[in-house]
Amino acid sequence: MKSADTTAPRGAARTGGTLLGLTAWLAGILFFLPIAWMALTSFHAETDAATNPPSLAASLTLDGYRDFFGAGGGASPWPALANSAVASVVSTLCVLVLALPAAYALSIRPVKKWTDVLFFFLSTKMLPVVAGLLPVYLFAKNTGMLDNIWMLVILYTSMNLPIAVWMMQSFLAEVPVAVIEAARVDGAGLPVILTRIVAPISAPGIAATSLICFIFSWNELLFARVLTGVTAQTAPVFLTGFITSQGLFLAKVCAASLVISLPVLAAGFAAQDKLVQGLSLGAVK
């Protein structure tokens, strides 16, 4: 009787695990299908991409990518891609430099009413983005920073800093205080503690925060569309230029979307172990 009673829960557990695995695979396939469809459409000619329903057996071509990279006489995407890279990377580095000491003060060396401080940081994200569009535009216009990539760097830094502080505070709370106290006894100052002790221990959390800030900066469109023109145009703004009065060139848009998404996909793939480790840090005690 005992053996029968113990095997039944094990069989139910295996069945539940199998169903959970199948559900996870199904959800992953559903999320991947639009990306696969976009990639396939990018290799079709415009006439084949515009058919309804689309033809899966249509011949493949690189015309969409040639048009995106300016082979047909169009604008080159390289300046826009470079602007997006500069704005995303520099703003992410600025966020890390500012968020690490702030998170240290809110977790390892907590200030008074630190929970209120965290709520204040998070409350700044509750303001609708469009509500701050006009003040930011007027500020950029009066300071002569319209169509300036450094205006986007400052803006992306201020936009991503609250969520970065919130995330890193939970990561740094897992750092053993005894290690920091030992370093302080040995005469280490705050810069040494942050760079040589706190940063290596919380590297997964810092990597996860960096990746999320990079993705938010790379994908931002509204402010980049309003504040830039030609000189500081970013990749998402360049992508919107393919929607013209002549119609929507679906194959070219898919090719452009895939190329512009590659840096984010590559960064996520390269840091996937750190991202999972960082986002799950502290989830299991």
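The structure this text deals with has already been given above.
No experiment lies behind these values; they were computed from the predicted model shown. (Residues numbered from 1 in each chain as written. Predicted model: local features only at pLDDT ≥ 70, side-chain atom pairs only at ≥ 80, totals over all residues. Heavy atoms only, no water.)

**Regarding the environment of Ser257**
Applied cut-off: Helix and strand labels come from DSSP, where a helix needs a run of H or I of at least four residues and a strand needs a run of E of at least two; each type is numbered from the N terminus. Each residue is assigned to one of three classes by its accessible area relative to the maximum for its type, calculated with a 1.4 Å probe on protein chains only: buried under 20%, partly exposed between the two thresholds, exposed over 50%. Any two residues whose heavy atoms approach within 4.5 Å are treated as being in contact. Definition of a polar contact: a pair of N or O atoms within 3.5 Å, with one able to donate and the other able to accept a hydrogen when the atoms are protein atoms, and with sequence-neighbouring residues admitted only if both atoms are side-chain atoms.
Residue placement: Ser257 occurs in helix α13 (residues 250-270). A relative accessible area of 13% places Ser257 in the buried class. The spacing of Ser257 and Met38 is 219 residues in sequence and 8.2 Å in space, taken between C-alpha atoms. Ignoring anything within four residues of it in the chain, the contact list for Ser257 reads Met38 and Leu239. Here Val253 takes part through its backbone oxygen, which lies 2.8 Å from a polar atom of the side chain of Ser257.

**Here we look at helix α4 (residues 78-107)**
The test is simple: Working rule for helices: expected span equals 1.5 Å times residues minus one. The term bend refers to the angle at a residue between two fitted axes, each drawn through seven residues, those ending there and those starting there.
For α4, built from 30 residues, the straight-helix expectation of 44 Å at 1.5 Å per residue is met to within 8% by its first-to-last C-alpha distance of 42 Å. At Ala99, α4 shows its strongest bend, of approximately 25 degrees, with the proline Pro101 following within four residues.

**Structural notes on a nonpolar patch on the surface**
For clarity, the threshold we go by: By definition, no residue in a patch forms a salt bridge, and every one has over 30% relative accessible area; like charges are joined within 9 Å, nonpolar side chains (Val, Leu, Ile, Met, Phe, Trp, Tyr) within 5 Å. For the accessible areas, the method is Shrake-Rupley and the probe is 1.4 Å, while residue cover comes only from the protein chains on display. Every case where a carboxyl oxygen of Asp or Glu lies within 4 Å of a side-chain nitrogen of Lys or Arg is listed as a salt bridge.
Side chains of Trp25, Leu26, Ile29, Leu30 and Leu33 sit close together on the surface and give an oily, nonpolar patch of about 570 Å² of accessible area. Within the element layout of this structure, Leu26 appears in helix α1 (residues 2-42).

**A look at the side chain of Thr234**
Residue position: Thr234 is located in the loop between α11 (222-227) and α12 (235-240). Leave out the neighbours within four places in its chain, and Thr234 touches Ala80, Asn83, Ser84, Leu152 and Ala224.

**Notes on the packing of aromatic side chains**
Note the cut-off: Only Phe, Tyr and Trp rings take part, Trp by its six-membered ring, and two of them pair if their centres are within 6.5 Å. Stacked means planes under 30 degrees apart, edge-to-face means over 60, and tilted covers everything else.
Across all of its chains, the model carries five aromatic pairs by this definition. A centroid spacing of 5.1 Å and a plane angle of 40 degrees characterise the contact between Phe43 and Tyr65, whose relative ring orientation is tilted. A residue pair is termed long-range when its members are at least 10 positions apart, and Phe43 in the loop between α1 and α2 (46-49) and Tyr65 in helix α3 (residues 63-68) qualify at 22 residues. What makes Phe43 partly exposed here is its relative accessible area of 29%.

**Considerations on the pattern of salt bridges**
All told, the structure shown has two salt bridges when counted by the stated rule. Measuring nitrogen to oxygen at the nearest pair gives 2.9 Å for the salt bridge that ties Arg66 to Asp63. Here Arg66 and its partner Asp63 are both found in helix α3, three residues apart, which amounts to about one turn of the helix. Take Arg66: its relative accessible area is 43%, and that puts it in the partly exposed class. With a shortest N-O distance of 3.2 Å, Arg184 and Glu181 are connected by a salt bridge. You can see Arg184 and its partner Glu181 sitting in helix α8 (residues 177-185), three residues apart, about one turn around the helix. Assessed through its relative accessible area of 30%, Arg184 is described here as partly exposed. Judged by relative accessible area, which is 33%, Glu181 ranks as partly exposed.

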